[in-house]
Amino acid sequence: MTDTFRYPRPPRLAVFLVAAHFCLSLGGLLLHLRIHPVVESYFHWWATGAGLINCLLLPLLFLHPRGVGFACVLNVLTVILGTLGMAYFSLHAMTWPASVLTIILHSTLPDIIILLAKLPLGQMILETMRPHGPRPEGQRGCR
């Protein structure tokens with residue numbers, strides 16, 4: 001037996017979930033860059049940075065057993081920041097008095113709902129990538 005430990009390959013389901021998370025992140029980043037160019041205002045830079053973290057750093061962390069917990073924390077943090085930022089922008093730009101139709105169709109509520117889809121994806125990646133330690137000798141069951 002060798003003394004070097006290699007992490008096993010990530011499960012196939014985790015790779016597909018990370019690909020789905022990457023596609024959501026990249027689509028959100030490109031949509032943000034189209035609607036709010038970073039040269040227009042310094043206010044748009046923080047969301048662009050969060051989008052770049054989601055596209056470049058999180059897939060690498062999600063696919064490594066040691067980084068999956070940190071990736072989940074970063075995922076939740078960027079979703080919260082994005083939700084708060086979009087809600088602020090929506091309230092700032094909304095025409096008052098607001099109706100239900102205005103809130104549904106002329107706000108950032110659909111964008112926030114799409115962003116919230118990244119939370120269950122991150123949780124499922126965590127569940128599939130969570131390292132399972134060796135079983136104690138007394139807990140031998142079906143394999």
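Read on for an overview of the structure. (Residues numbered from 1 in each chain as written. Predicted model: local features only at pLDDT ≥ 70, side-chain atom pairs only at ≥ 80, totals over all residues. Heavy atoms only, no water.)

A short note on the state of the cysteines
Inference 1: Inspection of every chain in the model, using the stated rule, returns zero disulfides.
Inference 2: Considering cysteine sulfurs only, Cys55 is the nearest to Cys23, which forms no disulfide, with 9.4 Å between them.
Inference 3: Under the relative-accessibility criterion, Cys23 is labelled exposed at 52%. (Disulfide = S-S within 2.5 Å. Buried < 20%, exposed > 50% of the residue type's maximum accessible area, 1.4 Å probe, protein only.)

Notes on the packing of helix H5 (residues 109-116) against helix H6 (residues 118-129)
Any two packed helices are characterised by how steeply their axes cross, that is the angle between the axes, and by the distance between the axes.
Inference 1: Contact geometry for H5 and H6: axes closest at 5 Å, N-to-C directions at 0 degrees. The angle between H5 and H6 places the two elements in the roughly parallel class. Across from Ile114, Leu115 and Leu116 in H5, the residues of H6 making contact are Lys118, Leu119 and Pro120.
Inference 2: Partitioning the contact of H5 with H6 into residue classes produces five nonpolar, no polar and one charged. (Axes fitted to C-alpha atoms, helices over the stretch in contact; angles between N-to-C directions. Helix = DSSP H or I, 4+ residues; strand = E, 2+ residues; numbered from the N terminus. Parallel < 35°, antiparallel > 145°, perpendicular 65-115°, else oblique. Contact = heavy atoms within 4.5 Å. Nonpolar A, V, L, I, M, F, W, Y, C, P; charged D, E, K, R; others polar.)

Observations concerning the nonpolar core
Inference 1: Among the nonpolar cores identified, the biggest contains 14 residues, and Leu58, Phe62, Val68, Ala71, Ile125 and Met129 are the most heavily contacted of them.
Inference 2: Elements with a minimum of two residues in this core: helix H1 (12-35), helix H2 (45-62), helix H3 (68-93) and H6.
Inference 3: With residues near it in sequence (within four places) discarded, Val68 still touches Leu61, Phe62, Ile125, Leu126 and Met129. (Core = buried A, V, L, I, M, F, W, Y, C linked by side-chain atoms within 4.5 Å.)

Details of the packing of H3 against H5
Inference 1: Look at H3 against H5: their axes get within 10 Å of each other, and the N-to-C directions meet at 175 degrees. What the angle tells us is that H3 and H5 run roughly antiparallel. On the side of H3, the interface is formed by Val79, Gly82, Thr83, Met86 and Ala87, while H5 contributes Asp111, Ile112, Leu115 and Leu116.
Inference 2: Of the residues belonging to the contact of H3 with H5, the class tally is six nonpolar, two polar and one charged.

Remarks on the environment of Val15
Inference 1: Here Val15 lies in helix H1.
Inference 2: The partly exposed category is assigned to Val15, whose relative accessible area is 39%.
Inference 3: Separated by 48 residues in sequence, Val15 and Leu63 have C-alpha atoms that sit 7.2 Å apart.
Inference 4: Those residues in contact with Val15 that lie beyond four places of it in its chain are Pro10 and Leu63.

Comments concerning H6
Inference 1: An ideal rise of 1.5 Å per residue puts 16 Å on twelve residues; H6 measures up with 16 Å between its terminal C-alpha atoms.
Inference 2: The set of residues buried in H6 consists of Lys118, Leu121, Gly122, Ile125, Leu126 and Met129. Projected onto a plane normal to the axis of H6, the buried residues spread over an arc of 140 degrees and lie on a single side.
Inference 3: Buried residues along H6 sit against H1, H2, H3 and H5. (Expected span 1.5 Å × (residues − 1). Arc of directions from axis to C-beta.)

A closer look at H2
Inference 1: With 18 residues, H2 extends 24 Å from end C-alpha to end C-alpha; this agrees with the ideal 26 Å at 1.5 Å per step.
Inference 2: In H2, a bend of some 35 degrees at Asn54 exceeds every other bend along the element.
Inference 3: In the core, the buried residues of H2 are packed alongside H1, H3 and H6. (Bend = angle between axes of the 7 residues up to and from the residue.)

Topic: the side chain of Thr48
Inference 1: Assignment of secondary structure puts Thr48 in helix H2.
Inference 2: Setting aside chain neighbours within four positions, we find Thr48 in contact with Leu29, His32, Leu33 and Val38.

Interpretation note: all reported values are geometric properties and have no functional meaning in isolation.
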